Amino acid sequence: MGKEKGGFLSPKAISNRIKAKGLQKLRWYCQMCQKQCRDENGFKCHTTSESHQRQLLLFAESPDKFLDYFSQEFLNGYLELLRRRFGDKRVHCNIVYNEYIQDRDHTHMNSTQWLTLTDYVKWLGREGYCKVDHTEKGWYIQYINRDPETIARQQELEKKKKMDMDDEERQAKYIQEQVERGMHGGVEQASHEATELQRQSEEEKIVLKMGLSGRKPASSASAPSAESKPSSSKTADNPLQVLAAGARKKDVQAVMSKKDGAKKRSALDEIMEEEEKKKAKFTKKDHWLTPGVIVKVITKKLGDKYYKKKAEVLAVKDKYTAVLMLLDSGDKLKVDQTHLETVIPAVGRAVQVVNGTYTGCRAVLEGLDEKNFCVTIRIQSGVSKGRVVEGVKYEDICKVAS
């Protein structure tokens, strides 16, 4: 019996299967048929086959549909690998592409709308998917993470860092003011206590009593003490001088007590003001959406049709998601809070406080401070009705739907 030729376990069949497992030439791959050829002759035979011709007829009926599908598949696979493998690191585009094509079943670039990898990288930069820069070694890309959870986490960390810095700066400023106030107060007190020694009359003698209490003068000093008695008795016997000195002493004590009281009151007022600021800061929440206010869409993910458009908040779901109705077209959208911003109306129009101490109160816009991004409002509802509040941030108030 002759040796059987061919077969599944023949050396040639095994060799062909081994060759077909590995990654082969990308230019000999047919994306429509999802068939990989090993050489140019095999690819030429495939293009002339009946099955390939049928696939081309399907492609000819709607070429844009297939082209967009393959382009989107290639984009999703490339960006997913870039995000998981490299994160926010800056990397050469060829490194990512070489790892992407290691998958034998990947979507090939020759079936997409991009002819070369350079065109694809430039398109990523224009569309805002990545940060792109060109160097002598080629094109480098860096993935831009636009995940709402990641953005919210970064904003929380930045807000916490800013709050810590504000607390430290405020504490340092408060200590510095206390030190300066103490220094100025000490100088003023010293200026009031120190007086020049003046003689009211040329004939009057100045007497200094240097004796200690509880001790009697010696006998040898009897003569000088006797001479000093008339002058001291003269001063003691004059009631007008005694009354004037007492009045001056009371005036000085009253002035000093008034200054001390002013200092204490100013320090107390400052402490109360600090407490109010802390209370206002800690009453702020990370969600501000409220039904019945006008907001602006600030994301391009929904398309240029809705970018920078104003809408009314119809309802709020899960505190962070708003159901909107556009003012110009009437379309309804469901948008996350991070993709919206508050709208500031003209002076004199009604607003609603959406965050801070007076959350939920209606107010009237009294003035704008464009330099510090603050406004002045007058509360129109609640227990604080009629109160004028200054220094309210833009993001804490919003225009009310009419």
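Residues numbered from 1 in each chain as written. Predicted model: local features only at pLDDT ≥ 70, side-chain atom pairs only at ≥ 80, totals over all residues. Heavy atoms only, no water.

Peer 1: Talk me through the pattern of salt bridges; I want residue IDs and the actual numbers.
Peer 2: Enumeration according to the criterion identifies eight salt bridges in this entry. A salt bridge links Glu50 to Arg54; its shortest N-O distance comes to 3.3 Å. One end of the pair is Glu50 and the other is Arg54, both in helix H3 (residues 50-61) and four residues apart, which spans about a single turn. A residue is classified by how much of its surface remains accessible, and Glu50, at 59% relative accessible area, is exposed. Two residues, Glu80 and Arg84, come together in a salt bridge whose shortest N-O distance is 3.3 Å. Of the two residues, Glu80 and Arg84 are both situated in helix H4 (residues 63-86); the distance of four residues between them amounts to about one turn of the helix. Linked through salt bridges whose partners overlap, the residues forming this network are Glu80, Arg83 and Arg84. (Salt bridge = Lys/Arg side-chain N within 4 Å of Asp/Glu carboxyl O. Helix = DSSP H or I, 4+ residues; strand = E, 2+ residues; numbered from the N terminus. Buried < 20%, exposed > 50% of the residue type's maximum accessible area, 1.4 Å probe, protein only.)

Peer 1: Any details on the pairing of strand E6 (residues 294-297)? Residues and values, ideally.
Peer 2: In terms of strand pairing, E6 meets strand E7 (residues 310-317) through three bridges, oriented antiparallel. Counterpart to Ile294 in the pairing with E7 is Glu312. Bridging between E6 and strand E10 (residues 340-342) involves three bridges; their strand directions are antiparallel. The residue of E10 that forms the bridge with Val297 is Leu340. (Pairing = 2+ DSSP bridges.)

Peer 1: Help me get a handle on the state of the cysteines, residues and values and all.
Peer 2: As enumerated under the stated definition, the model contains zero disulfides in all. Summary of cysteine pairing: Cys33 is not part of a disulfide, and the nearest cysteine sulfur, belonging to Cys30, is at 3.6 Å. We classify Cys33 as partly exposed; its relative accessible area is 24%. (Disulfide = S-S within 2.5 Å.)

Peer 1: Break down the confidence of the model for the protein for me, with residues and values.
Peer 2: Here the protein shows a mean pLDDT of 77. Residues at 70 or above account for 73%. When the criterion is pLDDT under 50, residues 217-237 qualifies, and its contacts beyond four places in sequence or with other chains add up to two contacts. (pLDDT = per-residue confidence, 0-100. Contact = heavy atoms within 4.5 Å.)

Peer 1: Got a sec to walk through the sheet that holds strand E11 (residues 350-353)? Specific residues and values, please.
Peer 2: Pairing is antiparallel in the open sheet, where five strands are placed in the order E14-E13-E12-E11-E15. On the outer flanks of this sheet lie strand E14 (388-393) and strand E15 (397-399), each paired with one strand and no other. Direction aside, neighbouring strands of the sheet carry axes that sit 45 degrees apart on average. In terms of strand pairing, strand E12 (residues 362-369) meets strand E13 (residues 374-379) through six bridges, oriented antiparallel. (Axes fitted to C-alpha atoms, helices over the stretch in contact; angles between N-to-C directions.)

Peer 1: Tell me about the packing of aromatic side chains, and please be specific about residues and values.
Peer 2: Enumeration according to the criterion identifies 12 aromatic pairs in this entry. Three or more aromatic residues link up through ring pairs in this structure, and these residues are Phe74, Tyr78, Tyr100, Trp114, Tyr120, Trp123 and Tyr129. Taking NZ or CZ as reference, Arg85 lies 4.8 Å from the ring centre of Phe86, over its face. Sitting above the plane of the Tyr140 ring, Arg90 keeps its charged end 4.2 Å from the centroid. (Phe/Tyr/Trp six-rings, centres within 6.5 Å; stacked < 30°, edge-to-face > 60°. Lys NZ or Arg CZ within 6 Å of the ring centre and 35° of its normal.)

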